[in-house]
Amino acid sequence: MAAAGAGFAADVDEDDMKPAIPNVYLDLRTTYATIPAGTLGLGFGGSSLSTALEALAALKGVSFSRGLPAAQSIAVDFPLTVDVTDRVSLYGGVSGTTSNLGGSGWSSFDITSWNIGFQADLHQQNGGVIPTITLQSTLTQSVPNEPGMTTSFNHILEFDYALDADETRGLLAGVQYTHTDIGSQVAHIGTNTIGYVGGYYQWPSNWKFTGRLGVQSFAGAQLLNLAQVQSFTQPIVRLDLDRMDDNDNRLFGITAQIAWTPKPSYQVTLRTPLYAVRN
């Protein structure tokens, strides 16, 4: 029996013994959002869109005499992502935005922020009773670097309890916390916290649906002593549909979000990752 075991080991392809090359891809994300008057772009995610809008409103001379106007925005994020292991990913890149504030017409598309961050599984369920625990942290800073710039710190702690061995269906719970600093003595943006629950299901065809329902609590904002954004605690819903490959790499994704701020704010995001290396 020992000889048979040794023979089986010898038959293993040497390529199978080599460590996998990390996934390297541009996680291209295109987001369209509508934002009611008197509020800011808030919700799930790394907050690059809201940071860009805040910087645009604070730095580019928008009149606040009647409060913040309603806005539409298109943002494109270009984070270069490296999956270092199956538990850790690192990313960094820039975001560009064009906005239509108060029906004044669309601005030119400009690079409005850069970001760096990581996502790590602190614990993996692997068939056990303790759910997978994932931490994601992102630092986003508006550009150009001048008085009035914004710096956002976004942290997400999520618990994923798989209901089957293949992890194709499960339950989610988590919390997101965002803190934003403005480089100005006369402006302030309060913290934003989201607590949520949800679940997911992945079909044999590798289409995956994920839903999250939560409550968002925003501490309010004061911009340039002219525009005040009231604090609120309101519901938020996020729905994701993703096309995965057999190794759970995302090939395409679409996200729809409704956040009451307190009026409804709508956001749609297309994810079209561009892989340089895909395992």
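As a reminder, the structure under discussion sits directly above these lines.
Residues numbered from 1 in each chain as written. Predicted model: local features only at pLDDT ≥ 70, side-chain atom pairs only at ≥ 80, totals over all residues. Heavy atoms only, no water.

Enquirer: Just give me the short version of the pairing of strand β15 (residues 250–260), but keep the residues and values in it.
Expert: Two elements, strand β14 (residues 232–244) and β15, share nine bridges in a ladder whose sense is antiparallel. Residue pairing for β15: I236 is matched across the bridge by A259. As judged from the eight bridges shared by β15 and strand β16 (residues 264–271), these two strands associate in the antiparallel manner. Residue pairing across strands places Q257 opposite Q267, the latter belonging to β16. (Pairing = 2+ DSSP bridges. Helix = DSSP H or I, 4+ residues; strand = E, 2+ residues; numbered from the N terminus.)

Enquirer: Explain the nonpolar core to me, using residue names and the numbers behind them.
Expert: In terms of nonpolar packing, the biggest core is built from eleven residues, these being L40, L42, L68, I182, A187, I189, F218, A221, L223, V229 and F232. If sequence neighbours within four positions are ignored, F232 has contacts with T39, L42, Q216, S217, F218, W260, T261 and P262. In terms of nonpolar packing, the next biggest core, distinct from the first, is built from six residues, I194, Y196, I236 and A259 among them. (Core = buried A, V, L, I, M, F, W, Y, C linked by side-chain atoms within 4.5 Å. Buried < 20%, exposed > 50% of the residue type's maximum accessible area, 1.4 Å probe, protein only. Contact = heavy atoms within 4.5 Å.)

Enquirer: Outline the packing of aromatic side chains, listing residues and values.
Expert: As enumerated under the stated definition, the model contains four aromatic pairs in all. Judged by centre distance (5.1 Å) and plane angle (80°), the rings of Y201 and W203 are edge-to-face. The partly exposed category is assigned to Y201, whose relative accessible area is 38%. Ring geometry for F218 versus F232: centroids 5.7 Å apart, planes at 50°, classification tilted. Of this pair, F218 sits in strand β11 (residues 207–218) while F232 is found in strand β14, placing the two residues 14 residues apart along the sequence. Accessibility assignment for this pair places F218 and F232 in one class, buried. Geometry around Y200 places K208 over its ring, the cationic atom sitting 4.8 Å from the centre. Across from the ring centre of Y275, 5.5 Å away, lies the NZ or CZ of R278, which sits over that ring. (Phe/Tyr/Trp six-rings, centres within 6.5 Å; stacked < 30°, edge-to-face > 60°. Lys NZ or Arg CZ within 6 Å of the ring centre and 35° of its normal.)

Enquirer: Let's hear about a negative patch on the surface: which residues, and what values?
Expert: Together, D166, E167, D246 and D248 line one region of the surface with negative charge. By secondary structure assignment, the location of D166 is in the loop between β7 (150–162) and β8 (169–182). (Patch = residues over 30% accessible without salt bridge, like charges linked within 9 Å, V, L, I, M, F, W, Y side chains within 5 Å. Areas by Shrake-Rupley, 256 points an atom, 1.4 Å probe, with all protein chains shown as cover. Salt bridge = Lys/Arg side-chain N within 4 Å of Asp/Glu carboxyl O. Lys, Arg positive; Asp, Glu negative; His and termini not counted. Charge placed at Lys NZ, Arg CZ, Asp CG, Glu CD.)

Enquirer: Tell me about unusual backbone geometry, residues and numbers included.
Expert: Excluding glycine, residues mostly carry a negative phi; peptide bonds, for their part, are mostly trans. Each neighbour pair has its own omega, and for T261 with P262 the value is 0°, a cis peptide bond. Inspection of the secondary structure puts P262 in the loop between β15 and β16. Phi at E167 takes a positive value of approximately 55°, unusual for a residue other than glycine. Within the secondary structure, E167 sits in the loop between β7 and β8.

Enquirer: Account for the environment of N126, with residues named and values stated.
Expert: Mapping N126 onto the fold places it in the loop between β5 (110–123) and β6 (132–142). Assessed through its relative accessible area of 62%, N126 is described here as exposed. Residues N126 and A162 lie 36 residues apart in sequence; the distance between their C-alpha atoms is 8.8 Å.

Enquirer: Provide a residue-level description of the side chain of N249, including the pertinent values.
Expert: By secondary structure assignment, the location of N249 is in the loop between β14 and β15. Relative accessible area serves as the criterion here: at 7%, N249 is assigned to the buried category. Excluding residues that lie within four positions of it along the chain, N249 makes contacts with N23, R243, M244, Y275, R278 and N279.

Enquirer: Mind laying out the pattern of salt bridges, listing which residues take part and the relevant values?
Expert: For the structure shown, the criterion picks out eight salt bridges. Between D27 and R271 there is a salt bridge whose closest N-O contact spans 2.4 Å. Here the residue D27 occupies a position in the loop between β1 (23–26) and β2 (29–35), and R271 occupies one in strand β16, the gap between them amounting to 244 residues. A salt bridge links D77 to R29, with the shortest nitrogen-to-oxygen separation between them at 3.8 Å. Taken as a pair, D77 in strand β3 (residues 71–83) and R29 in strand β2 lie far apart in primary sequence, 48 residues in all.

Enquirer: Pulling in residues and values, what's your account of the pairing of β1?
Expert: Taking every second residue as pointing to the same face, the buried face of β1 carries N23 and Y25, while none of V24 and L26 on the other face is buried. Relative to β3, β1 runs antiparallel, the two sharing four bridges. Along β3, the bridge assignment pairs L26 with L80. As defined by bridge partners, β1 adjoins strand β17 (residues 274–277) across three bridges and the pair is classed as antiparallel. Paired with V24 across the two strands is V277, which belongs to β17.

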